[in-house]
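Now for the letters of each chain:
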Amino acid sequence: QDGSGAYADYFELRVFNTTYVDITMESTTLDPYLLILDEDDYVIAEDDDSLGGLDAWIRVKLSPGTYYIAASTYTAQE
């Protein structure tokens, strides 16, 4: 459970060369919400509905480093 009361799955992403990264999350049963955080837990990008409908999509240019993808839902009740 994260600090907002919502549950999230976290994934580590290591970037070795500056590159664009696309991350999507789709569901027919909940409202996906995505965040990308850096090593200091600073939010680099977040998205709720950019993929269409309730689905989430982030496209971001990342420099070399370690990042974390948080896959959650828009509301804590889901």
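> It is not clear to me how the pattern of salt bridges should be interpreted in this structure. Could you clarify?
Oppositely charged side chains can form a pair if their charged atoms are brought close together. Considering all chains together, one arrives at two salt bridges under this definition. The residue Arg14 makes a salt bridge to Glu12 at a minimum N-O spacing of 2.9 Å. Exposure remark for Arg14: the relative accessible area of 53% places this residue in the exposed category. Two residues, Asp22 and Arg59, come together in a salt bridge whose shortest N-O distance is 2.6 Å. In this pair, Asp22 is assigned in strand β2 (residues 19-25) and Arg59 in strand β5 (residues 56-62), connecting sequence segments 37 residues apart. Looking at Asp22, the relative accessible area reads 43%, which means it is partly exposed.

> How should I be thinking about the side chain of Ser72 in this particular structure?
Relative to the helices and strands, Ser72 is located in strand β6 (residues 65-73). Within the structure, the side chain of Ser72 is placed 2.6 Å from the backbone oxygen of Tyr7, a separation counted as a polar contact.

> Looking at this structure, how should I read the sheet that holds strand β1 (residues 9-15)?
What holds strands together in a sheet is hydrogen bonding between their backbones, with the strands either parallel or antiparallel. Strand order across the open sheet formed by four strands is β1-β6-β3-β4, with antiparallel pairing between neighbours. Each having just a single partner strand, β1 and β4 (43-47) make up the two edges of the open sheet. For this sheet, the mean inter-axis angle between neighbouring strands, taken without regard to orientation, is 20 degrees. Examined bridge by bridge, β1 and β6 share seven bridges and lie antiparallel to one another. Within the sheet, the bridge partner assigned to Leu13 lies in β6 and is Tyr67.

Rules used throughout
- Residues numbered from 1 in each chain as written.
- Predicted model: local features only at pLDDT ≥ 70, side-chain atom pairs only at ≥ 80, totals over all residues.
- Heavy atoms only, no water.
- Salt bridge = Lys/Arg side-chain N within 4 Å of Asp/Glu carboxyl O.
- Buried < 20%, exposed > 50% of the residue type's maximum accessible area, 1.4 Å probe, protein only.
- Helix = DSSP H or I, 4+ residues; strand = E, 2+ residues; numbered from the N terminus.
- Polar contact = N/O pair within 3.5 Å; in protein donor to acceptor, adjacent residues only side chain to side chain.
- Pairing = 2+ DSSP bridges.
- Axes fitted to C-alpha atoms, helices over the stretch in contact; angles between N-to-C directions.

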